[in-house]
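Okay, here's what each chain looks like letter by letter:
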Amino acid sequence: MFSSCHDQPACPPHCDDCPRNRPTTASAVRPFCIHVTRMRGGRVVLAVTGAVDWATAGALRATALEEIAAGARKLVLDFSLLSFWDSSGMGAVASAYRSASQVGASVALAGLSPTLEKTYRLTGMDKVVPLHRDVRTALTA
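Not measured: the values here are computed from a predicted model.

How each quantity is defined
- Counting restarts for each chain, with residues numbered from 1 along the sequence as it is written.
- With pLDDT at 70 or above as the cut-off, local features in this predicted model cover only qualifying residues; side-chain atom pairs require 80 or more to be listed or tallied, and sums for whole chains, interfaces and linings still use all residues.
- Side-chain numbers here rest on the full set of heavy atoms in the structure, without hydrogens or water.
- Secondary structure is summarised from DSSP: a helix means a run of H or I of at least four residues, a strand means a run of E of at least two, and numbering begins at the N terminus for each.
- By this rule the span expected of a helix is its residue count minus one, scaled by 1.5 Å.
- Burial classes: relative accessible area under 20% of the type maximum marks a residue as buried, over 50% as exposed, and values in between as partly exposed (1.4 Å probe, protein chains only).
- Here the arc refers to the set of directions running from the helix axis out to each C-beta atom.
- Contacts are residue-level and defined by heavy atoms, with any inter-residue pair within 4.5 Å sufficient.
- Salt bridges are defined by distance alone: a side-chain nitrogen of Lys or Arg within 4 Å of a carboxyl oxygen of Asp or Glu.

Enquirer: Any chance you could break down helix α1 (residues 57–69) for me, citing the residues and the numbers?
Expert: Here α1 contains 13 residues, and its C-alpha end-to-end distance of 18 Å stays within 8% of the 18 Å for a straight helix at 1.5 Å per residue. Of the positions making up α1, those classed as buried are A57, L60, T63, A64, E67 and I68. All buried residues of α1 fall inside an arc of 135 degrees around its axis, so they share one side. Exposed and facing more than 90 degrees away from the buried side of α1 are E66 and A69. On its buried side, α1 packs onto β2 (33–39), β3 (43–52), β4 (74–85) and α2 (87–102). Directly after α1, the chain includes G71, whose backbone phi takes a positive value near 115 degrees.

Enquirer: Could you give an account of the pattern of salt bridges, with specific residues and numbers?
Expert: Tallying each qualifying case throughout the model produces four salt bridges. Here R38 and E67 are joined by a salt bridge, their closest N and O atoms 2.7 Å apart. In this pair, R38 sits in strand β2 while E67 sits in helix α1, placing the two residues 29 residues apart along the sequence. The exposure class of R38 is partly exposed, given its relative accessible area of 33%. We classify E67 as buried; its relative accessible area is 6%. Where D134 meets R133, a salt bridge forms, and the shortest distance between an N and an O atom there is 3.5 Å. Here the salt bridges share partners, and the residues they tie into one network are E117, R121 and D126.

Rendered as structure tokens:
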């Protein structure tokens, strides 16, 4: 298994000791970061922290597309530490789905908070890109 965070030394997703996962302000807002974890069988988990908006959606899109181009067969977007996302973030998910579909791969989401899940379901995207309660469930689905 390989794990990295923006070319920094590896640390497992959701590692409390990772400086990228520690809140940086009193409001407990986490900085934006994408942890890439590659597993056997072409399974890849992108664990995203912080917010995915117009300023960060491009990084999510680029990372997802790079992993698909590199041979990911199952891409799981772990949003359990996501604090916010807007239509730019949903566009990045749609872009990953389109690219994965073209090569016979799949994309799934995991761990959205109840508020973000409600927004996701209202868009109808959950009928195209499945949503799972956690990464383990998404990887085995």
